[in-house]
Amino acid sequence: MATEKTMVQGNESNGIAPSILTVRMIMQGKEVGSIIGKKGDNIKKYREDSGAKINISDGSCPERIVTITGTTDNIHKAFTMICSKFEEDLQNTPTVPKPPVTLRLVVPASQCGSLIGKGGIKIKEIRESTGASIQVASEMLPNSTERAVTVSGTAEAVTACIKVVCSIMLESPPKGATIPYRPKPAVPPVVYAGGQAFVIQSPQMPVPPPAELNKLNQMSLGQPVPIIPPTAYLPVSAAPGYAPIPFQQRPVQNGPIPAPNGQQTHEMNIPNDLIGCIIGRGGQKINEIRQISGANIKISNAEEGCPDRKVTITGTPETIGMAQYLINTRVTTEVCGMGIR
């Protein structure tokens, strides 16, 4: 897909039609929120006024990919507005001196040589002609063939620099196949104990060594704790910074519903307007949750007059706990996030 390639040269007809290219950037949630604006007002204006297509990746990751596609003129207009908004945001911060506008572009490694030039001559020219600072990362981004190119300065300098970068990218298309960088979802360390999944809420809390964790757990529960990836050891007490993962669970009389082979069944109620984020397009999300957790998950059909859908989770206590956590994460992201899908 064209939107998955970075700054690629578009098709031209008899040399008349302008080239279409795509620029990809890595942004954090706060920056994305600034671009989107209240009720999407900002991004709607940027799209209409620039004529560029502006898309933002799924909101389940701390890093988001912002994709801008159009002619060089479309892209220049879009960046002019986005950089001006970022500069305005920085002016409203109490920091002194004010930090520069900073953007992180994602560029195929095969094109970075053209940006740097022989002996660094080209990148030096870009810095001098635009007044912006531009740095090309020496290492490729994880699981990709792309590098981060960081541009910083005033809004005007950054916009001018990106215009030059786009021109160079059109003159020197990427060589070979490009594996695009895709941010990974943030999955905090989770530990399962005492019938509940626990997640770290404060990264500043000290993490005890494995032996101490197991000692604490044996004192309270009498059995070792299975650690759920990513591998990290966390205290299972209710100390500040640690808490059971919240989720909507339907009360079940006499504890968990018994199931064959020593398994258990738990039920959760999810509002109808949020069930889509659990299922995903073509069932992609619910299948991922099944695979990661190892639990069997069934979702009831919608019933007239019922505001919720029943989610039935069957498995061991560990797989049920992980499934509950993953479902809760999806719901929280949908409610609190500003992602555009």
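Owing to the predicted nature of the structure, the values given are computational and were not obtained by experimental measurement.

1. A word on the overall build of the protein
Along the backbone of the protein there are 10 helices and 14 strands. With 341 residues in all, the protein has 42% of them scored as buried. Considering only contacts in the protein between residues 6 or more positions apart, those separated by 24 or more positions represent 66%. Of the roughly 18300 Å² of accessible surface on the protein, a fraction of 54% belongs to carbon and sulfur atoms.

2. Topic: helix α6 (residues 155-171)
Here α6 spans 25 Å end to end across 17 residues, near enough to the 24 Å set by a 1.5 Å rise per residue. Buried within α6 are the following residues: Ala155, Ala157, Val158, Thr159, Cys161, Ile162, Val165, Cys166, Ile168, Met169 and Leu170.

3. Some details on the packing of helix α5 (residues 121-130) against α6
One can describe the packing of α5 onto α6 by two numbers: an axis separation of 9 Å at closest approach and a directional angle of 145 degrees. Taken as a pair, α5 and α6 cross one another with a handedness that is right-handed. Along the contact surface, α5 presents Lys122, Ile126 and Thr130, while α6 presents Ala157, Ala160, Cys161, Val164 and Ile168. Taken together, the residues of the contact of α5 with α6 sort by class into 6 nonpolar, 1 polar and 1 charged.

4. Brief notes about the side chain of Glu146
With respect to the helices and strands, Glu146 occurs in strand β6 (residues 146-153). Residue class for Glu146 comes out buried when judged on its relative accessible area of 0%. In this structure the side chain of Glu146 is engaged in a polar contact, spanning 2.7 Å, whose partner is the backbone nitrogen of Tyr181.

5. Section: unusual backbone geometry
Positioned with a positive phi, Lys39 is a non-glycine residue whose angle comes to about 55 degrees. Tracing the chain through its elements places Lys39 in the loop between α1 (29-36) and α2 (41-50).

6. So, the sheet that holds strand β3 (residues 63-70)
One open sheet accounts for 6 strands, arranged β2-β3-β1-β4-β6-β5; its pairing is antiparallel. This sheet does not close on itself; its edge strands, each paired only once, are β2 (53-56) and β5 (133-136). Neighbour to neighbour, the strand axes of the sheet diverge by 25 degrees on average, direction disregarded. Here strand β4 (residues 101-108) runs beside β6; their pairing, made up of 8 bridges, is antiparallel. In the sheet register, Arg104 faces β6, and the bridge partner there is Thr150.

7. Here's the deal with the pairing of strand β1 (residues 21-28)
Residues in a regular strand project their side chains so that they alternate between the two faces of the sheet. For β1, the tally of buried residues reaches 7 of 8 residues, placing the bulk of the element in the interior. Bridge count between β1 and β3: 8 bridges; the pairing is antiparallel. Note that in β3 the partner of Ile26 across the bridge is Ile65. Sheet topology places β1 next to β4; 3 bridges connect them, and they run antiparallel. Bridge pairing links Ile26 to Arg104 in β4.

8. What to know about the pattern of salt bridges
For the structure shown, the criterion picks out 7 salt bridges. Taking the shortest distance from any N to any O, the salt bridge between Glu63 and Arg104 comes out at 3.6 Å. With Glu63 in strand β3 and Arg104 in strand β4, this residue pair connects regions lying 41 residues apart in the sequence. Overall, Glu63 belongs to the buried group, its relative accessible area being 17%. Where Lys310 meets Glu267, a salt bridge forms, and the shortest distance between an N and an O atom there is 3.8 Å. Linking Lys310 in strand β14 (residues 308-315) with Glu267 in strand β12 (residues 264-271), this pair joins segments that are 43 residues apart in sequence.

9. What to know about the environment of Leu103
In this fold, Leu103 is placed in strand β4. Put simply, Leu103 and Glu31 are 72 residues apart on the chain and 9.8 Å apart in space, counted from C-alpha to C-alpha.

10. Remarks on the packing of helix α3 (residues 72-91) against α6
Where α3 contacts α6, the axes come no closer than 9 Å and their chain directions differ by 150 degrees. It follows that α3 is roughly antiparallel to α6 by the angle criterion. Relative to α6, α3 is oriented so that their crossing is right-handed. Packed against α3, whose contacting residues are Thr72, Ile75, His76, Phe79, Thr80, Cys83, Ser84 and Glu87, the element α6 presents Ala155, Val158, Thr159, Ile162, Lys163, Cys166 and Leu170 at the interface. Its residues assigned to classes, the contact of α3 with α6 shows 8 nonpolar, 5 polar and 2 charged.

11. Some words on the confidence of the model for the protein
Model confidence for the protein is summarised by a mean pLDDT of 76, while 70% of its residues fall at 70 or above. Between residues 192-197, whose pLDDT stays under 50, and residues either more than four places distant or in other chains, the model counts 20 contacts. Predicted confidence is poor over residues 200-255, with pLDDT under 50, and the contacts of this stretch with residues over four places away or in other chains come to 89 contacts.

Reading guide: rules and limits
- Residues numbered from 1 in each chain as written.
- Predicted model: local features only at pLDDT ≥ 70, side-chain atom pairs only at ≥ 80, totals over all residues.
- Heavy atoms only, no water.
- Helix = DSSP H or I, 4+ residues; strand = E, 2+ residues; numbered from the N terminus.
- Buried < 20%, exposed > 50% of the residue type's maximum accessible area, 1.4 Å probe, protein only.
- Contact = heavy atoms within 4.5 Å.
- Areas by Shrake-Rupley, 256 points an atom, 1.4 Å probe, with all protein chains shown as cover.
- Expected span 1.5 Å × (residues − 1).
- Axes fitted to C-alpha atoms, helices over the stretch in contact; angles between N-to-C directions.
- Left-handed = near helix turned anticlockwise from the far one by under 90°.
- Nonpolar A, V, L, I, M, F, W, Y, C, P; charged D, E, K, R; others polar.
- Polar contact = N/O pair within 3.5 Å; in protein donor to acceptor, adjacent residues only side chain to side chain.
- Pairing = 2+ DSSP bridges.
- Salt bridge = Lys/Arg side-chain N within 4 Å of Asp/Glu carboxyl O.
- Parallel < 35°, antiparallel > 145°, perpendicular 65-115°, else oblique.
- pLDDT = per-residue confidence, 0-100.

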